[in-house]
Amino acid sequence: WRMERCSGQPASRRRALPLLGHAYLLLGSEANRMSILAAVGREAIENGGVVAAWLGRSFYTITSDAAVAEVVLRHCLEKTAVSDILRHLCGNGTVSAPVTIWRSRRKLITPMFSTRHLRGFFSTFSRKSAEMSDRLRLAAGRGVISIAKYLSSYTLESVCESILGESNEKERSEFLYAFEEYCRIAVLRMSNPLLAVEAVFKLHPAYTSYYRSIRVMWDFIDEIINTKISLDQNTNSVFENKDIKYPKSFMELLMYAPGAGGAGGLRGTGGSPSVAELREEMLVLALAGGDTSTVAASFVCCLLAQQPQVQERLYNELLEVIGEKRAIEIEDLPKLKYMEAVINESLRLYPPVPNMLRKVLKDITLPSGVKLMEGTGVCINVWCLHRNPHYWGPDADVFNPDRFLDNVKHHPHAFIPFGSGPRNCIGYRYAMMSMKTVLATLLRSYKFLPPPSSGDTNKTFSVKFDIMLRDLGGFKLQLESRST
Ligand code: HEM
């Protein structure tokens, strides 16, 4: 009570238990976890933007308010202890690193996302999209499929080619399976403060599986790194070759980055990058870049299946900008304005990262007088912020891409699927390019239809939360070929 009083934050009306605080509410199924997070986010809206809750003995401010999100994302760059679970996998990789290490890591990978490098990856997106479209030919007209299954192969293949440079299919699917297993268990550990304690987790049935899945992912990346290093050594080019031709993989770019070697940079002993450090960054990019885009593109497809008029309008835009037959070119992408609005509206309603956590390092007093206290955590409830009627009107839950075409100005922090501030998503442009390319390829060849008897065309998908947001129904839809 003292914390709530000092911070001026209303306490959640849900009961807190000794030791667990409100964390016991998150212990049920993945769907239950998401509905609790959404309910607490709505409590914050009712309270004018914030509500206080306890995750174990840690005090958290939950917010669904754009102004609070802006302050937090600008000033609080440290992740909370919950991110320590991510560090088991990614170590000091950019996404999970403590601020002191994060600064140099972020500086090092930023140039890799320059326009020049991103342009180099377009050919990967377009080739992999065409391959996925071919694979789908067998599924068209043959009933219900999970579009996420196909999109996850597309994103992982593209990510592997552009980020790692190479990989084989069997190992890729083992990697994907291991990642799903890791997410399933990691979120249990994040939601249950007792399981965050290693000695307690050791007694849990998922303990072995958790570390096995991490091992599988590490081995996958290490194998690629070691092959690359020995190849380069054999050709005498390791770290000296400044004239490699584009497109390079992110891994090559990182190995040859001029900035590598500074404090926290990627040079291991003897002037070469340590495999462990390369692995950390590659894992961050492969994971942050793969699953998020799969989830985002899958929700777009399912929403389009529900909304035939939106899909037809998008198809017409594709005909106008690209036409029916010619290959998509990189210059087409910025012209697809309606496509961008559809993706944004989908990201608004179904943000793949529905919660962002930050630690407060210094007391901050918000304009409302509420205090964010040093040492406490903040959870930005993106799911509720994106559905907050205060910013999006009484029809906030309705899918309407025109919101992003109208000249109505929204609060700049009412829409933050990629975060914001110095620690925002570094792969935003990569993700948009990849998603636009695959969606344009698929929509020119297929019509998306909802599964039979899926009911209301504006229904909210039932979702679950396991680090990422996912459709509980498994992203099901039907395909009809446009060429018949
Ligand atoms: C639709 C796709 C994507 C979404 C919705 C998304 C979302 C996000 C969000 C919300 C954050 C900030 C998390 C926080 O503040 O706690 C983030 C960080 C990050 N994302 Fe993405 N992301 C996507 C795609 C990508 C891609 C394609 C890459 C790389 C290829 C990537 C790399 C990263 C990295 C490295 C960070 C950490 C940045 C830092 O801490 O400085 N993301 N992403």
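Described in the following lines is the structure provided in the data block. This is a predicted model, so every value here is computed, not measured.

1. Concerning the overall build of the protein chain
Summing up its helical and strand segments, the protein chain has 17 helices and eleven strands in all. Across the 484 residues that make up the protein chain, the buried fraction comes to 44%. Summarising the internal contacts of the protein chain: among those between residues at least 6 apart in sequence, 76% fall at separations of at least 24.

2. Looking at the site of the ligand
Taken together, 23 residues lie near the ligand, and Gly289, Thr292, Gly419, Cys425 and Gly427 sit nearest. Class assignment for the residues of the shell around the ligand results in 14 nonpolar, seven polar and two charged.

3. Here we look at the sheet that holds strand β11 (residues 476–481)
Strand order across the open sheet formed by three strands is β3-β11-β8, with antiparallel pairing between neighbours. Of all the strands in the sheet, just β3 (144–146) and β8 (446–449) have a single pairing partner and so form its edges. Averaged over neighbouring strand pairs, the angle between their axes works out to 50 degrees when direction is ignored. Where β8 and β11 come together, four bridges link them in antiparallel fashion. The partner of Leu449 across the bridge, within β11, is Gln478.

4. Observations concerning the packing of helix α6 (residues 115–136) against helix α7 (residues 147–164)
The N-to-C vectors of α6 and α7 enclose an angle of 150 degrees; their axes lie 9 Å apart at closest approach. The angle between the axes of α6 and α7 places the two elements in the roughly antiparallel class. Crossing handedness for the pair α6 and α7: right-handed. Residue-level contacts link Phe121, Thr124, Phe125, Lys128, Ser129, Met132, Arg135 and Leu136 of α6 to Tyr150, Ser153, Tyr154, Glu157, Ser158, Glu161 and Ser162 of α7.

5. Re unusual backbone geometry
Of note, the phi angle at Phe475 is positive, near 55 degrees, even though the residue is not glycine. Mapped onto the elements of the fold, Phe475 is located in the loop between β10 (468–471) and β11.

6. Brief notes about helix α13 (residues 308–321)
Helix length check: α13, at 14 residues, gives a terminal C-alpha distance of 20 Å against a target of 20 Å (1.5 Å per residue), a fit within 8%. Directly after α13, the chain includes Gly323, whose backbone phi takes a positive value near 90 degrees.

7. Topic: the packing of helix α12 (residues 275–306) against helix α14 (residues 337–349)
Packing of α12 against α14 leaves a shortest axis separation of 9 Å and a crossing angle of 105 degrees. Put simply, α12 runs roughly perpendicular to α14. Residues Ala296, Phe299, Val300 and Leu303 of α12 form the contact with α14, whose own contacting residues are Val342, Ile343, Ser346 and Leu347. Split into classes, the residues belonging to the contact of α12 with α14 amount to seven nonpolar, one polar and no charged.

8. Section: helix α3 (residues 66–75)
Taken as a whole, α3 has its buried residues at Ala66, Val68, Ala69, Val72 and Leu73. Here the buried residues of α3 occupy an arc of 155 degrees about the axis, which is enough to place them on one side. Looking at the buried side of α3, the elements it contacts are β1 (50–55), β2 (58–63), β4 (355–359), β7 (377–381), α15 (382–385) and α16 (389–392).

9. Here we look at the environment of Ala288
Along the chain, Ala288 turns up in helix α12. Using a count of 20 C-beta atoms within 10 Å as the deciding quantity, one classes Ala288 as buried. In sequence terms Ala288 and Ala66 are 222 residues apart; their C-alpha atoms lie 24 Å from each other. Not counting the four nearest positions on each side in its chain, Ala288 is found in contact with Val95 and Gly427.

10. Section: the environment of Ala440
With respect to the secondary-structure elements, Ala440 resides in helix α17 (residues 428–445). Residue class for Ala440 comes out buried when judged on the 22 C-beta atoms lying within 10 Å of it. Each C-alpha atom, one on Ala440 and one on Leu349, is 21 Å from the other, the two residues being 91 residues apart in sequence. Residues within four places of Ala440 in sequence aside, it is in contact with Leu318, Ile322, Ile328, Leu336 and Met339.

Calculation criteria
- Residues numbered from 1 in each chain as written.
- Predicted model: local features only at pLDDT ≥ 70, side-chain atom pairs only at ≥ 80, totals over all residues.
- Helix = DSSP H or I, 4+ residues; strand = E, 2+ residues; numbered from the N terminus.
- Buried ≥ 20, exposed ≤ 12 C-beta atoms within 10 Å, placed from the backbone.
- Contact = placed C-beta atoms within 7 Å.
- Near = placed C-beta within 6 Å.
- Nonpolar A, V, L, I, M, F, W, Y, C, P; charged D, E, K, R; others polar.
- Pairing = 2+ DSSP bridges.
- Axes fitted to C-alpha atoms, helices over the stretch in contact; angles between N-to-C directions.
- Parallel < 35°, antiparallel > 145°, perpendicular 65-115°, else oblique.
- Left-handed = near helix turned anticlockwise from the far one by under 90°.
- Expected span 1.5 Å × (residues − 1).
- Arc of directions from axis to C-beta.

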